[in-house]
Amino acid sequence: MDSQTWHNWANSAGATPRRFATPSSVAELSSEITRAASEGLHVKCVGAGHSFTPIAVTDGVMISLDNLQGIESVVPNADGALVTALAGTRLHELNPRLWDLGLAMINLGDIDAQSIAGAIATGTHGTGAQFGGLATQVRALQIVLADGAIVDCSLEDNPELFHAARIGLGAIGVIAKMTLQCAPAYMMRAVEAPARLSETMANLDEHIQGTDHFEFYWFPHTDRVLTKHNTRLPVDASPKPVSAVRSFIDDELLSNTLFEGVNRVATRVPSAIPKINDVTSRALGAREFVDRSYRVFASPRRVRFREMEYAVPAEALPETLREIDRWLETSGFTVAFPVEVRFTAADDLWMSTASGRDTAYVAVHQYHRRDHRPYFDAVEAIARAADGRPHWGKMHSRTAADLRPTYRHFDEFRSVRDKYDPERVFDNAYLQQVLG
């Protein structure tokens, strides 16, 4: 395919690669990488473009895996089944296919537009204090390396490669297939309700330990939040989905159409934002519904924004939010987007933002027509003071020098990269920034 300009979803990164490739088989993927390497071109793989960082940007060959989709095999086991899927499969396509097989992902993020490989490579995590991110569900990978070799890896086979590639940032190779531990299908009860931030924080342990998947949205310049308690139910639980009318009002009108209008007004009159947030948070009503798990996890997001998300030790969350609130009060900067707060269990993945510690995630957003930099810079400084780790697919300014101390396996990851991509076929400016 001829060269063309590519932009990510947020229009925060773009590229005009020398060549854009869409292989239809793993063999074709291998050939594309081999050809690019022989021509001295860099290679980057791109999924749905939902990373806010330039992690997929290249001036060489950009490879889309959109023609590598679908479930290849299902092997039942005591915990559900091992499902092998092609790497380009989008989450919003994978989830209903799993459901038809009587299966479900153990945990999911709050959007489902990504390819499964892109979500894994950047550390997509979801919420739930007893659950890990998506990469903790990976049991095996098939990777195409810089020399075109097609290699399988797992904890038993090529474990060093597996440890590095589970959250590989696109630096180790191109994932072609992955085997996921999936759970038996389950329903989920969602309870959404407005609350006070002060009350929510006072009872935080009860919320996160007493609910399978808990999160909340704090409206800056107010003491108001929207809480979400999602509880797993048996697959035969009676569904009580949101009605078509309520879904349109809440998810389309309020969360997308009206929210877009609110942000346009806020862009023109930033001083009105505190009042807008107060009115908006008061207008939110409680709702409860029961639906398939994947339908509860994900929400439509059509308002364009920039996002930065930091993973801080769970115990550092209260002070982190207090410092953000303090900065907003003293700086005079106004923010219309809610701050999203989620939780995950510690894991043992080398480059996971939850590696070695129970984690709270603080995600800040800014409407795409407003300057995000003062806000993001301030939040980043606050999160760094708490030993925060930036989400690999969301905006930040961290570098290898200051990331290395917070990741115990950072040097091991770089050693694996040196071994499997010594010529830096998969390199780009973002990887140079975060890995050196």
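Preceding this section is the structure that the text describes.
Figured I'd write up the structure that's included with this text. (Residues numbered from 1 in each chain as written. Predicted model: local features only at pLDDT ≥ 70, side-chain atom pairs only at ≥ 80, totals over all residues. Heavy atoms only, no water.)

**A look at the overall build of the protein chain**
Across its full length, the protein chain carries 14 helices and 19 strands. Here the protein chain has a C-alpha radius of gyration of 21 Å; the compact-globule value for 436 residues is 22 Å, and the two agree. Principal axes of the C-alpha set define a box for the protein chain whose edges measure 60 × 50 × 40 Å. For the protein chain, buried positions account for 58% of its 436 residues. Contacts spanning at least 24 positions in sequence make up 73% of the contacts within the protein chain whose residues lie at least 6 apart. Carbon and sulfur atoms provide 51% of the accessible area of the protein chain, an area that totals close to 17,400 Å². Within the protein chain, one finds 44 positive and 54 negative side-chain charges whose respective centroids are separated by 5 Å. (Helix = DSSP H or I, 4+ residues; strand = E, 2+ residues; numbered from the N terminus. Rg over C-alpha atoms; globule rule 2.2 N^0.38 Å. Buried < 20%, exposed > 50% of the residue type's maximum accessible area, 1.4 Å probe, protein only. Contact = heavy atoms within 4.5 Å. Areas by Shrake-Rupley, 256 points an atom, 1.4 Å probe, with all protein chains shown as cover. Lys, Arg positive; Asp, Glu negative; His and termini not counted. Charge placed at Lys NZ, Arg CZ, Asp CG, Glu CD.)

**Regarding the pattern of salt bridges**
Throughout the structure, instances matching the rule amount to 24 salt bridges. Close ionic contact of E340 with R342 constitutes a salt bridge, the shortest N to O distance being 3.5 Å. For E340, a relative accessible area of 1% puts it in the buried group. On the basis of relative accessibility, which here comes to 3%, the residue R342 falls in the buried class. (Salt bridge = Lys/Arg side-chain N within 4 Å of Asp/Glu carboxyl O.)

**Focus: unusual backbone geometry**
A positive phi angle, close to 60°, is found at D387, a residue other than glycine. With respect to the secondary-structure elements, D387 resides in the loop between α11 (373–385) and β19 (389–390). With a phi close to 60°, R424 is a non-glycine residue in the positive phi region. Checked against the element boundaries, R424 lands in the loop between α13 (410–420) and α14 (429–435).

**Quick notes on the packing of aromatic side chains**
Enumeration according to the criterion identifies 12 aromatic pairs in this entry. An angle of 85° between the planes, with centres 6.2 Å apart, marks the rings of W9 and F52 as edge-to-face. Of the two residues, W9 sits in the loop between β1 (6–7) and β2 (14–15) while F52 sits in the loop between β4 (43–46) and β5 (61–64), which places them 43 residues apart along the sequence. Measuring from centroid to centroid gives 5.8 Å for W327 and F333, while their planes differ by 45°, and the two rings are tilted. Residue W327 is classed as partly exposed on the basis of its relative accessible area, which comes to 22%. Every member of this aromatic cluster is reached through a ring pair, and the members are W9, F52, F305 and F337. When the ring centre of Y407 is taken as origin, the NZ or CZ atom of R389, which lies over that ring, is 4.9 Å away. (Phe/Tyr/Trp six-rings, centres within 6.5 Å; stacked < 30°, edge-to-face > 60°. Lys NZ or Arg CZ within 6 Å of the ring centre and 35° of its normal.)

**Here's the deal with the sheet that holds strand β14 (residues 224–233)**
One open sheet accounts for 8 strands, arranged β15-β12-β14-β13-β17-β18-β16-β19; its pairing is antiparallel. Either end of the sheet is taken by a strand with one partner, and the two such strands are β15 (287–292) and β19. Summarising the sheet, strand β13 (residues 213–218) and β14 pair through 6 bridges and their orientation is antiparallel. Paired with H213 across the bridge in β14 is N230. (Pairing = 2+ DSSP bridges.)

**A look at the nonpolar core**
Soluble globular proteins: nonpolar side chains tend toward being buried together. One finds L29, M105, I116, L141, M351, W392 and L435 to be the most contacted residues of the largest nonpolar core, which totals 82 residues. Tallying contributions element by element places strand β11 (residues 174–184) first for this core, with 6 residues. Formed by 38 residues, the second largest nonpolar core is a distinct cluster that contains L204, A316, L321 and F333. (Core = buried A, V, L, I, M, F, W, Y, C linked by side-chain atoms within 4.5 Å.)

**Some remarks on helix α2 (residues 91–100)**
Taken as a whole, α2 has its buried residues at L91, L94, N95, L98 and W99. Looking down the long axis of α2, one finds its buried residues gathered within 135° of arc, a one-sided arrangement. G102 lies just past α2 and shows a positive phi near 80°. (Arc of directions from axis to C-beta.)

**Observations concerning the pairing of strand β16 (residues 305–313)**
The element β16 is largely enclosed, with a buried count of 9 among its 9 residues. Pairing geometry for β16 and strand β18 (residues 359–367), over 9 bridges, is antiparallel. From the neighbouring strand, E307 faces β18, where its bridge partner is H365. Of the strand pairs in this sheet, β16 and β19 are connected by 2 bridges, and their pairing is antiparallel. Paired with Y310 across the two strands is P390, which belongs to β19.

**Re the environment of D371**
Here D371 lies in the loop between β18 and α11. Taking relative accessible area as the criterion, D371 reaches 37% and is therefore assigned partly exposed. Put simply, D371 and A146 are 225 residues apart on the chain and 38 Å apart in space, counted from C-alpha to C-alpha. Not counting residues up to four positions away in its chain, the partners in contact with D371 are F333 and Q366. A polar contact is formed between the side chain of D371 and the side chain of R373, at a distance of 2.9 Å. (Polar contact = N/O pair within 3.5 Å; in protein donor to acceptor, adjacent residues only side chain to side chain.)

Remember, this is a structural readout, not a statement about activity or role.
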